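Observations on the three-dimensional arrangement
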Amino acid sequence: MHIMEGFLPPMWCAFWYILSGIVVAYGLIQIKKLVSEKPEVKPLLAVAGAYMFILSSLKMPSVTGSCSHPCGNGLGAVLFGPAVTAVLSVIVLFFQATLLAHGGLTTLGANVFSMGIMGPFAGWLVYNALKGKINSTYNIGIAAMIADWITYITTSVQLTLAFPGSDPIHTLTIFLSIFAVTQIPLAIAEGILTMVLWDKIKELRPDILLKLGVIDESEVSTNVVPAPGGGN
Amino acid sequence: METKHIIMLGIVVLLMVAPLIIYHGKGEKEGYFGGADDAASDTIEKLDPNYKPWFQPIWEPPSGEIESLLFALQAAIGAIIIGYFIGYYTALKRSNT
């Protein structure tokens, strides 16, 4: 999903920078509020960012015979919402743009929009639509899969908008065949991995998940919530 | 870590190994296992042969070794953070019960 340095015309770079900039600014305000009101969520914020760091560095083979990487953006989206995830994605994408020549500074706005905003937004929508209807572990698996996949769909659309060619629909099909199809097994793998990590978080700190309002009381009734005072 | 989690991780491994088995013996020279990002850039060049990237990366890893070093570093940073907090919470829970 990394659009490479210089591979978007300046007008599109500016367009995505402005859109992403607004969301990232809102995300920064949200983080500030979150950290001052619920300081105990700080470690989970770090875990969500770290998860993106790991997953987006792992380039995996796909059944289409090419390689791509998962995003890790679904976990942050479900825990903290898409705007906060947008801020976390800036850290990851900036690291890759400056040190790895992966993505780029001119295309940072566009890449933040796909991996930090549209993907997480889709995952967050799905999670909230299914919340309370199915177990949160299954829910996060689906949300993470959707967030990963929509990230790549967004990149395909962004590239088509910038380079429509003579037949935009045909062009979109080409980009989708590169990104969206390759991504299917990776998105499934990301969904499963996220479920494993989620179960661990739910087992260890259901109290924080409750406080963030991402799981119901019914899911933790069988677990022992850490005693007050020892929970920080 | 319950049995179901080990099975789940096993499925992830299978998903990653399957392409290696399907395309066994084929490599980059035959056009396999290349990056999707590069494929997209190639497509742009085909769609609009006159398009010239107007900005170059400010720095590029000078070799594949340096690049893999930085990718491994990126994954390691992430893994340290997750491992630290999962371990911390596990110990905390144990000392509380």
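Everything numeric here is computed off the predicted structure, so don't read it as measured data.

Let us look at the overall build of chain A. Along its length, chain A carries nine helices and two strands. Mapped from its N terminus to its C terminus, chain A presents α and β elements in the order α-α-β-β-α-α-α-α-α-α-α. Relative to its length of 232 residues, chain A is compact, with a C-alpha radius of gyration of 18 Å against a globular reference of 17 Å. For chain A, the C-alpha atoms occupy an extent of roughly 65 × 35 × 30 Å along the three principal directions. Sequence-distant contacts, at least 24 apart, represent 72% of the contacts inside chain A between residues at least 6 apart.

A few words on the overall build of chain B. Looking only at helices and strands, chain B has three helices and zero strands in total. What you see in chain B, going N to C, is helices and strands ordered as α-α-α. For 97 residues, the compact-globule formula gives about 13 Å, and the C-alpha radius of gyration of chain B, at 21 Å, lies well above that figure. Structurally, chain B occupies a C-alpha span of about 65 × 35 × 25 Å along its principal axes. By the burial criterion, 12% of the 97 residues in chain B qualify as buried.

The tendency in soluble globular proteins is for nonpolar side chains to be buried as a group. All names here are of chain A. Within the largest apolar cluster, 85 residues are counted, with the highest numbers of intra-cluster contacts made by Tyr 51, Val 78 and Val 112. When residues of this core are assigned to their parent elements, the largest contribution, 13 residues, is made by helix α7 (residues 168-204). Val 78 has contacts with Gly 123, Trp 124, Tyr 127, Ile 140, Ala 143 and Val 214, leaving out every residue within four places of it along the chain.

Unlike most non-glycine residues, Ala101(A) shows phi in positive territory, near 50°. As for its position among the elements, Ala101(A) is in the loop between α4 (82-99) and α5 (108-130). Assessed through the 19 C-beta atoms surrounding it within 10 Å, Ala101(A) is described here as partly exposed. Of note in this structure, Phe33(B) is not a glycine but carries a positive phi near 60°. Along the chain, Phe33(B) turns up in the loop between α1 (3-22) and α2 (36-47). Judged by local crowding, Phe33(B) falls into the partly exposed class, with 18 C-beta atoms found within 10 Å.

Turning next to the interface of chain A and chain B. If you look at the interface, chain A gives 56 residues, while chain B gives 52 residues. Mapped onto the side of chain A that touches chain B, the elements with two or more residues apiece are α2 (42-55), β1 (60-61), β2 (67-68), α4 and α7 of chain A. Here the side of chain A that touches chain B takes 16 residues from α7(A), the largest share from any one element.

Time to look at the confidence of the model for chain B. Averaged over chain B, the pLDDT score is 93; the fraction of residues at 70 or greater is 100%. Predicted complex metrics record ipTM = 0.93 and pTM = 0.93.

Moving on: the environment of Pro53(B). Looking at the secondary structure, you find Pro53(B) in the loop between α2 and α3 (64-96). Looking at Pro53(B), the number of C-beta atoms within 10 Å reads 17, which means it is partly exposed. Sequence separation between Pro53(B) and Ser41(B) is twelve residues, and the spatial gap between their C-alpha atoms is 9.8 Å. Setting aside residues no more than four positions away along its own chain, Pro53(B) makes contact with Glu5(A), Gly6(A) and Phe7(A).

We now examine α2(A). Given a rise of 1.5 Å per residue, 14 residues ought to cover 20 Å, and the 20 Å separating the end C-alpha atoms of α2(A) matches this to within 8%. Among the 14 residues that make up α2(A), eleven are buried, leaving the element largely enclosed by the rest of the structure. Among the residues making up α2(A), those that are buried are Pro43(A), Leu44(A), Val47(A), Ala48(A), Gly49(A), Ala50(A), Tyr51(A), Met52(A), Phe53(A), Ile54(A) and Leu55(A). Looking at the buried residues of α2(A), the elements they touch are α3 (73-80), α4, α7 and α8 (206-211) of chain A together with α3 of chain B.

As a further point, take the domain arrangement of chain B. Taken domain by domain, chain B comprises domain 1 (1-55) and domain 2 (61-97). A separation of 24 Å is found between the C-alpha centroids of domain 1 of chain B and domain 2 of chain B.

Scoring rules and cut-offs
Residues numbered from 1 in each chain as written. Chains lettered and ligands numbered in written order. Predicted model: local features only at pLDDT ≥ 70, side-chain atom pairs only at ≥ 80, totals over all residues. Helix = DSSP H or I, 4+ residues; strand = E, 2+ residues; numbered from the N terminus. Rg over C-alpha atoms; globule rule 2.2 N^0.38 Å. Contact = placed C-beta atoms within 7 Å. Buried ≥ 20, exposed ≤ 12 C-beta atoms within 10 Å, placed from the backbone. Core = buried A, V, L, I, M, F, W, Y, C linked by C-beta atoms within 7 Å. pLDDT = per-residue confidence, 0-100. Expected span 1.5 Å × (residues − 1). Domains from an automatic or database assignment.

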